[in-house]
Amino acid sequence: MSTAQILIVDEERHTRNTLGRYLKKEGFRVLEESHGLSALRRLSNRSFDLIVLDIELPGINGLELCHIIKTASNTPVVFVTGKESEQDVIGGFQAGADDFVVKPFSPREVVHRISGILYRTSTQGYRPHKPGPVSPIALPRIGMDPSTRKVTVDGARMELTVKEFELLYYLAANFGMPFSRQQLIRAVWKAAFQNDTRTVDTHVKRLREKMNGASPGSGDIIQTIRGFGYGIVE
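As a further point, take the sheet that holds strand β7 (residues 142–145). Across the sheet, which stays open at both edges, the four strands sit in the order β6-β7-β8-β9 with antiparallel pairing between neighbours. The open sheet has two edge strands, β6 (137–138) and β9 (156–158), and neither has a second partner. The sheet contact formed by β7 and strand β8 (residues 150–153) spans four bridges and is antiparallel. Looking at β8, one finds that Met-144 is bridged to Val-151.

Right, here's the structure in full:
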């Protein structure tokens, strides 16, 4: 199995670091650029198996860069961007994009999409990892094992409902990324058009209460992003 080389082009260091960390965990080789022109120079003397682009880039925007890439090669391009209008999405695919993901994003979902694209397009024998059981999580203060439903905070055991577990697992699995309430509704409750996002607030409140009961003050691990949503971001 060959190891795919991926170039991430994004002005935001946080995005590059977060996505790069998850890709490297899966065995990918990752290089990063923060400027459209510097990315273009790198691409002029080096080839990659896949390129991740933001639309808003200094020097040359992602749509132009994607068009140049696709004119010269069949290298897959995935947009990961904060631009989310219908015009932006259509523009991305017209430029030749193979996929389009809107920020804020789930790093695991992006890695899964990238793996699928490489499996379909690579001529170098790339194969994605075989799917297995959902992995346990071990953050500095949170431990979760989906196979046993065991959850600990600061070493103390907690008992959670199914949805409480799924919500905490999703936030912990995507450590470093904030999510809107609507994104959490879609990811955890699998509801694409649920307007009553108060259910997220209610579950976060219960999670914090249980966490504080197990270890005083630990409920602050789940942070509120004012006017947006929640995340375990530091």
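Moving on from the coordinates now.
In summary, the side chains of a regular strand alternate between the two faces of the sheet. Linkage of β7 to β8, two consecutive antiparallel strands, is achieved through a turn of four residues, within which Arg-149 is found at a positive phi near 65°. Bridge count between β8 and β9: three bridges; the pairing is antiparallel. Looking across to β9, one finds that Val-153 is bridged to Ala-156. Linking β8 to β9, which pair antiparallel, is a turn of two residues; within it Asp-154 sits at a positive phi near 55°.

Enumeration over the complete set of coordinates arrives at four aromatic pairs. Their ring planes at 45° and their centres at 5.9 Å tell us that Phe-79 and Phe-100 sit as a pair that is tilted. Residue Phe-79 is found in strand β4 (residues 77–81), and its partner Phe-100 is found in strand β5 (residues 99–102); the two are separated by 21 residues along the sequence. Across this residue pair, the class does not change: Phe-79 and Phe-100 are buried.

Topologically, Asn-61 is positioned in the loop between β3 (50–53) and α3 (62–72). Judged by relative accessible area, Asn-61 falls into the partly exposed class, the value being 28%. For the pair Asn-61 and Gly-36, spaced 25 residues apart in the sequence, the C-alpha separation amounts to 6.3 Å. Of note is the side chain of Asn-61, whose polar atom sits 2.9 Å from the backbone nitrogen of Leu-63. A polar contact of 2.8 Å, which involves the side chain of Asn-61, links it to the backbone nitrogen of Glu-64.

Cut-off values and rules
Residues numbered from 1 in each chain as written. Predicted model: local features only at pLDDT ≥ 70, side-chain atom pairs only at ≥ 80, totals over all residues. Heavy atoms only, no water. Pairing = 2+ DSSP bridges. Helix = DSSP H or I, 4+ residues; strand = E, 2+ residues; numbered from the N terminus. Phe/Tyr/Trp six-rings, centres within 6.5 Å; stacked < 30°, edge-to-face > 60°. Buried < 20%, exposed > 50% of the residue type's maximum accessible area, 1.4 Å probe, protein only. Polar contact = N/O pair within 3.5 Å; in protein donor to acceptor, adjacent residues only side chain to side chain.

Keep in mind that these numbers describe shape and distance, not what the molecule does.
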